[in-house]
Amino acid sequence: MATARRTSRSSASSSYESYFEHTALFEFSKVINSSLDPRFIYSHILLTIMGKILSSKGMVIVEKESRHFNVVMAKGFSQDVVGTSMHIRQIPPSIFLVDKVNATKYPWVKFFKRLGVKILLPMYMADTPIGLLAFGERFSKKKLHSREVTYLRSLANISATAIEKSRTFDELQQVNRKLDRKIQELNTLFDLSKEFGSLLDAEKLIRLLEFSLLGQVGVNRYIICLRQGSDVRVAASRVDGPVPQAELLQTLFKLKATVPVAHLSASGVQNARDVLTGLRMALVVPMGLQGENKGLMILGERLSGNPYEEIDYEFLTSLANLAIISLENARLFKEAIEKQRMEDELLIARDIQKGLLPNVLPAIPGFDIAAANISSKQVGGDYYDVIPADNNRHVIAIGDVSGKGTPAALLMASIQASIRALVPLNLSLSELTGRVNDLMCENTGGNKFVTFFWGFVDPVAMTLNYVNAGHNYPYLIHADGSIDRLDKGGMILGVLKTLMPYEEATVRLTHGDLLLLFTDGVSEAMSHDSMEYGEERIEAVLRKYGREPAQRIIELLHEDIIQHADGAQQSDDITMMVLKVA
Amino acid sequence: MNEFKIAQREASNVNVLELRGYLDAHTAPKLEEAFQTLLKTNRTNIVVNCKDLSYISSAGLGVFMAYIEDVRNKSGDIKLTNMSNKVYNVFDLLGFPLLYEIFKDESEAVKKFNDKK
């Protein structure tokens, strides 16, 4: 009681009011701090103050960014004012009446005047203004009492704290959400890098890239194109209308960075801009690899309606780079496989070819004989053979099948089989050649051919009976230095059925004669500057080294060809056979 | 490893796909296949129950995006249900609730399809 009396002695009625006001302030603070929802906070501030000063109109204005304020809630005023934005350079520090404000110093006050605002209550956090509370005329039309002013200032301060808290929370939430999105993007990139890394199938890679664009970016219209050499290929597309021509897409490959379609004109590709705008495309993302554009992702507008932002560019660039590396790997892998396959095939062809050529040439009495076949990288279809026939006679043969690789090697094998089967038939060389030709025509349908030279060497009669079916004319250099080119015969084998018999001819052989059979791999051996070895050089070697043994002559000829080629890769096999009369 | 599985059943003329496990870049083609099969046979009232879906990547979400148009063009829809918070968060982050109806429980989605008729 004593205490109460002392209090009542100091100031009885004001202490009761003060107690009431403190309680109300405490309640107010408790309520608006209980929520982080800005709408709830604004509403509670307005209702509390409108009730306190008895005004039917209230408005909350909050700073959005530096010195730009927005009307965020209005009660009693037209709802059209919500969202109004204004520039406020300076706010008086305390409560003020609109009618008494210096309009030159605070020009923005006109806006409030027009709406019928009478009282403006600034909200400060420390010295920083964060907003304004605006109210219409009081019902009582009474002036604000100094006690009321103090009370309203307290309410404004508490409001400022609550608004600032909810605003910080809101910002934090937005930052969190951005962070979540970044994590999600990173997860996506991580997920894809795992998957992309293990995929070597370009089609599957593209499909995965499509899914990621659809899912992560929320875009359902796109064109993905890839550069292949100088061409552009559309690898995937989902557009309303025809996909733009390759020539037009080609122009976009100049882009160095992600560009919105609307900005394309600056890059000098206006036509592309118009076409892409027509297809409602919004963004072009280059797919770069080692500073070179290997592909493009052209993306439509997002389904959410949100525009693409810088932050999206980062993700899209990473996605594009990741995808193009994997696509490039897949391409290289495919190429390597293809190359390996071709090399395997060449090995097979080489094996077939080597297997067909005689390991050791049968000896022909009174003759010195040697032969060589040097395969080129691509493996041609060269063939030579020496086959014992009747009465000490021997067949010598050389041929060159059109084409390369396994098909040529197989055709060569069939020719060898047919001549070996036909020789014992005791027919004339002309007839035999005709039959080999007919067999070939039947087997190949006329789309493969063989140049072929063959003959019977008779060591008793000392003759060579031969037919030349379109092959390089062999050299017969006689001991006296005269030269015969063995050119009698007829058509190359395998093109037309035999209508005219092949012409056969017989030459006499004497001691010291030298016969060279060769394929065009010899005469056409190329140097680096595309000069052919030529027949003059063959002749020169034969004249110079004609007295050497057959094997040595072949070696010398080969050395001379190597010297001419000087390391240039040969596209054709080099095959030759030398026969010397002892 | 949390394998991915799809179980399919019918409930009151609605095709329900129950997803289980990890739906990521690796397993996305399986879901694609399931959607393709439903589309081919014109079964376009589709509810995807995500009760046992433990993870979804953006490639997984991409599959939903890739087929929604085709399904809606055939007057059907894809509705999603029973998502865990973790899975819902991914859908939400990427803005899917704007484009898809997402229900707490499968029965609500099935009912929505049948009410339409």
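Look up a bit, the structure's there.
### Things to note about unusual backbone geometry
- Despite not being glycine, Gln290(A) has its phi angle at roughly 50°, a positive value.
- Positionally, Gln290(A) belongs in the loop between strand 10 (281-289) and strand 11 (292-300).
- A positive phi is found at Ser75(B), a non-glycine position, where the angle reads about 55°.
- Relative to the elements of secondary structure, Ser75(B) occurs in the loop between helix 2 (58-73) and strand 4 (77-81).

### Focus: helix 2 of chain B
Residue and element names in this part refer to chain B.
- Taking 1.5 Å per residue as the helical rise, helix 2 with its 16 residues ought to reach 22 Å, and the 24 Å between its terminal C-alpha atoms agrees with that figure.
- At Tyr67, helix 2 is bent by approximately 35°, the largest bend along its length.
- Burial of helix 2 is extensive: 12 of the 16 residues sit out of reach of the surface.
- Residues Ser58, Ala59, Gly60, Leu61, Gly62, Val63, Phe64, Met65, Ala66, Tyr67, Ile68 and Val71 constitute the buried set of helix 2.

### Some remarks on the environment of Ala25(B)
- Inspection of the secondary structure assignment puts Ala25(B) in the loop between strand 2 (14-23) and helix 1 (28-40).
- Each C-alpha atom, one on Ala25(B) and one on Gly62(B), is 9.5 Å from the other, the two residues being 37 residues apart in sequence.

### Some points on the side chain of Ser326(A)
Residue and element names in this part refer to chain A.
- Considering the arrangement of structural elements, one finds Ser326 in helix 8 (residues 310-356).
- Residue class for Ser326 comes out buried when judged on its relative accessible area of 8%.
- A polar contact of 3.1 Å, which involves the side chain of Ser326, links it to the backbone oxygen of Leu322.
- Not counting the four nearest positions on each side in its chain, Ser326 is found in contact with Phe196, Gly197 and Leu205.

### Here's the deal with the sheet that holds strand 1 (residues 5-11) of chain B
Residue and element names in this part refer to chain B.
- Here 5 strands make up an open sheet; going across it, the order is 1-2-3-4-5 and the pairing mixed. Two strands bound the open sheet, and with one partner strand each, they are strand 1 and strand 5 (101-103). Here the strands of the sheet are splayed against their neighbours by 25° on average, with no regard to which way each runs.
- Where strand 3 (residues 45-56) and strand 4 come together, 5 bridges link them in parallel fashion. Bridged to Asn45 within strand 4 is Asp77.
- In the packing of helix 1 onto the sheet, the strands contacted are strand 1, strand 2, strand 3 and strand 4, and the crossing angle to strand 2 comes to about 170°.

### Describing the nonpolar core
- Within the largest apolar cluster, 69 residues are counted, with the highest numbers of intra-cluster contacts made by Met287(A), Leu299(A), Leu316(A), Phe35(B), Val48(B), Phe64(B) and Ile78(B).
- In this structure Ile78(B) touches Phe35(B), Ile46(B), Val48(B), Phe64(B), Tyr67(B), Ile68(B), Val71(B) and Tyr100(B), once residues within four positions along its chain are discounted.
- Ala371(A), Tyr383(A), Ile387(A) and Val401(A) belong to the second largest nonpolar core, which has 48 residues in total.

Procedures and definitions
- Residues numbered from 1 in each chain as written.
- Chains lettered and ligands numbered in written order.
- Predicted model: local features only at pLDDT ≥ 70, side-chain atom pairs only at ≥ 80, totals over all residues.
- Heavy atoms only, no water.
- Helix = DSSP H or I, 4+ residues; strand = E, 2+ residues; numbered from the N terminus.
- Expected span 1.5 Å × (residues − 1).
- Bend = angle between axes of the 7 residues up to and from the residue.
- Buried < 20%, exposed > 50% of the residue type's maximum accessible area, 1.4 Å probe, protein only.
- Polar contact = N/O pair within 3.5 Å; in protein donor to acceptor, adjacent residues only side chain to side chain.
- Contact = heavy atoms within 4.5 Å.
- Pairing = 2+ DSSP bridges.
- Axes fitted to C-alpha atoms, helices over the stretch in contact; angles between N-to-C directions.
- Core = buried A, V, L, I, M, F, W, Y, C linked by side-chain atoms within 4.5 Å.

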